[in-house]
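# Observations on chain architecture
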Amino acid sequence: MEGQELLHTPGGVRDVYGRECARKMHVKKEVHHILKTHGFQDIETPAFEYFDIFSKERGTVQSREMFKFFDRGNNTLVLRPDVTPSIARCVAKYWRDETMPIRLCYTGKTFVNTPPYKGKLQEVTQVGAECFHDDTSDTDAEMIAMTVECLKQCGLKEFQLEVGHADLFRGLVEEAGISQSEAQELRELIVSKNFFGAQEFVGRLEVADSLKEIFEKLPELLGDLTECVQFVKERTKNERVLQALERLQKVEEILGCYGCLDYVTVDFSMLSQYSYYTGVIFRAYTYGNGEALATGGRYDGLVQQFGKKASAIGLAIVIDQLMLALTRQNLFEDTTLGGGILLYPQSLRKEAIGLAQKYRKEGRCIQMLRKASAKSVEEYLEYAKRADVEELIYLEAVNKVETYTIKGNK
Ligand SMILES: N[C@@H](Cc1c[nH]c[nH+]1)C(=O)O
């Protein structure tokens, strides 16, 4: 590759720079702040791990959607497609004997090798939180409320958090007694929102009419939890399903205490994206974005796969999707990149350095710039505008400073 060719990035990844990058850093900081205020401690895990951490049994992304490569010893490595299994691994390793709650949060990239025609980002920044050893409905609700708070903190106003339960579909399939492959087929129809296809499929099965009614009604079982629960309860005795319903009702009651019910809707047709989910699951959406801005759920069986029994629930805010939403909905303030340029002639270098140090101590961001005698101040003002700073401070003579405020360009 040479010349112009070298300027391209592969499909699915992109450069983020300038004001967009400043905004992204800000959004990450705001989300992280909310997690910290809820008692989550930072953790960092590697960007790549052994394939086994994410293999099929863990129930995360499918193998063909992972970026795989080999180390010198010929072990298969993968760029992490998901952070949750890595955190579960850490809990099993570093908190082996702890039985009380562990709260961890992280910021990192995940890599998913989706087919290019889908036009999806293959490298995504997530800020997430995971809570272990707390299987209460209080924590289910807290994670949902915290997701709402993260999105609000970043300035998003209109969004909905859809809440479901992994055991609804599992319990219904269990009761229907259908084969794994049939269940998978039905799952795919529902995931792709092909409810007509799903109805047809269920119609052909030899299962009780009441169960067929539930499957048929699935796309409409959203919004009013009490009504949805009643409809399902009248048609099944499956213990898994009944317990899931009870849990959702509890969680809704607690969400009322957080005062965030306006942002929450139940959706019984919501299926767990990853098979490690065992309980409450949720995803946040806003208008104009097809993809979820946040995802999360309870996964009480995953840590055990790494050798320690621990309940767990977590969430991830998908920063790139949140950025897209905030941009499309025009919710970023008209800001500059910030900071200032201190322009000085060579003869005043010493004074300029002293001045810059003083400003920085005061918390200001100062870029030093020695003035070329052939260049006019106007040229530097033009540059300051391009560089998107807030001010140009010109040290004209000893103790003589002229400050120009730079108007932000959108
Ligand atoms: N790791 C999940 C989100 C999550 C965090 N904890 C539990 N679920 C995801 O990437 O979709």
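Residues numbered from 1 in each chain as written. Predicted model: local features only at pLDDT ≥ 70, side-chain atom pairs only at ≥ 80, totals over all residues. Heavy atoms only, no water.

## Some details on the overall build of the protein chain
Each helix and strand in the protein chain was counted, giving twelve helices and 16 strands. Seen through its C-alpha atoms, the protein chain measures out along the principal axes to roughly 90 × 55 × 45 Å. Of all 410 residues assigned to the protein chain, the portion counted as buried reaches 48%. At a minimum sequence separation of 6, the contacts of the protein chain that also span at least 24 residues come to 69%. Each charge class in the protein chain can be summarised by its mean position, and for the 53 positive and 61 negative side chains these summaries are 8 Å apart. (Helix = DSSP H or I, 4+ residues; strand = E, 2+ residues; numbered from the N terminus. Buried < 20%, exposed > 50% of the residue type's maximum accessible area, 1.4 Å probe, protein only. Contact = heavy atoms within 4.5 Å. Lys, Arg positive; Asp, Glu negative; His and termini not counted. Charge placed at Lys NZ, Arg CZ, Asp CG, Glu CD.)

## Description of the sheet that holds strand β5 (residues 102-111)
Strands pair in a sheet through their backbones, by hydrogen bonds, and they do so in one of two ways: parallel or antiparallel. The nine strands lie next to each other as β1-β5-β6-β12-β11-β10-β7-β9-β8, forming an open sheet whose pairing is mixed. Looking at strand neighbours, the two that pair on one side only are β1 (41-42) and β8 (222-223), the edges of this open sheet. Across five bridges, the pairing between strand β11 (residues 294-298) and strand β12 (residues 312-318) is antiparallel. Note that in β12 the partner of T295 across the bridge is A316. Across the sheet, helix α1 (residues 18-37) touches β1, β5, β6 (123-132) and β12, and the angle it forms with β6 is around 5°. (Pairing = 2+ DSSP bridges. Axes fitted to C-alpha atoms, helices over the stretch in contact; angles between N-to-C directions.)

## Structural notes on the pairing of strand β16 (residues 400-405)
Where strand β15 (residues 391-397) and β16 come together, six bridges link them in antiparallel fashion. Directly across from Y394, in β16, lies its bridge partner E402. Linking two consecutive strands that pair antiparallel, namely β15 and β16, is a turn of two residues; a positive phi of about 60° is found at N399 within it.

## Re the packing of aromatic side chains
In this structure the tally under the stated criterion is eight aromatic pairs. With a centroid separation of 6.3 Å and 85° between ring planes, the pair formed by F132 and Y299 is classed as edge-to-face. Here F132 is found in strand β6, whereas its partner Y299 is found in the loop between β11 and β12, with 167 residues between them in sequence. Residue classification places F132 among the buried positions, given a relative accessible area of 0%. One aromatic cluster is present, built from ring pairs that chain together F132, Y274, Y276, Y277 and Y299. The side chain of R58 reaches across the aromatic face of F306, ending 5.4 Å from its centre. Here the guanidinium or amino end of R235 rests over the ring plane of F231, the centre of that ring lying 3.7 Å away. (Phe/Tyr/Trp six-rings, centres within 6.5 Å; stacked < 30°, edge-to-face > 60°. Lys NZ or Arg CZ within 6 Å of the ring centre and 35° of its normal.)

## Description of the site of the ligand
Taken together, 15 residues surround the ligand, and among them D82, T84, E130, Y277 and T295 come closest. Between T84 and the ligand, the recorded distance is 2.7 Å, taken from a side-chain N or O atom to a nitrogen atom. Put simply, the parts of the chain that give the shell around the ligand at least two residues each are β6, β11 and β12. Here the residues of the shell around the ligand are counted per class, giving six nonpolar, seven polar and two charged. (Near = heavy atom within 4 Å. Polar contact = N/O pair within 3.5 Å; in protein donor to acceptor, adjacent residues only side chain to side chain. Nonpolar A, V, L, I, M, F, W, Y, C, P; charged D, E, K, R; others polar.)

## A word on the packing of α1 against helix α10 (residues 319-328)
The description of two packed helices rests on the angle between their axes and on the distance between the axes. Interaxial distance between α1 and α10 falls to 10 Å at its minimum, and their mutual angle equals 115°. For α1 against α10, the interelement crossing comes out right-handed. Note on element contacts: α10 touches α1 through I319, D320, L322, M323 and L326, opposite E20, R23, K24, V27, K28 and V31. (Left-handed = near helix turned anticlockwise from the far one by under 90°.)

## Concerning the pattern of salt bridges
Per the counting criterion, the structure on display carries 22 salt bridges. For D140, the salt bridge goes to R247, with nearest N and O atoms at 2.8 Å. With D140 in helix α3 (residues 137-153) and R247 in helix α9 (residues 239-258), this residue pair connects regions lying 107 residues apart in the sequence. Linking R170 and D167 is a salt bridge whose minimum nitrogen-to-oxygen distance equals 3.8 Å. One end of the pair, R170, and the other, D167, are both in helix α4 (residues 166-176), three residues apart, so they sit about a helical turn from each other. (Salt bridge = Lys/Arg side-chain N within 4 Å of Asp/Glu carboxyl O.)

## Remarks on the nonpolar core
Counting 75 residues, the largest nonpolar core has M143, I144, L186, F268, I317 and L322 as its most contacted members. With residues near it in sequence (within four places) discarded, L322 still touches V27, V31, L151, C154, L156, L293 and I317. (Core = buried A, V, L, I, M, F, W, Y, C linked by side-chain atoms within 4.5 Å.)

## Section: helix α6 (residues 195-204)
Residues of α6 that are buried include every one of F195, G197, A198, F201 and V202, and no others. Seen end-on, α6 carries its buried residues on one side only, within an arc spanning 155°. Opposite its buried face, α6 presents the exposed residues F196 and R204, each directed more than 90 degrees away. At its buried positions, α6 is contacted by α5 (180-191) and α7 (209-217). (Arc of directions from axis to C-beta.)

## Observations concerning α4
Most of α4 sits out of view: eight of its eleven residues are buried. Within α4 the residues assigned to the buried category are A166, D167, L168, F169, G171, L172, V173 and A176. Where α4 is buried, its residues contact β7 (160-165), α5, α7, α9 and β10 (280-285). Positive backbone phi, approximately 65°, marks G177, located one or two places after α4.

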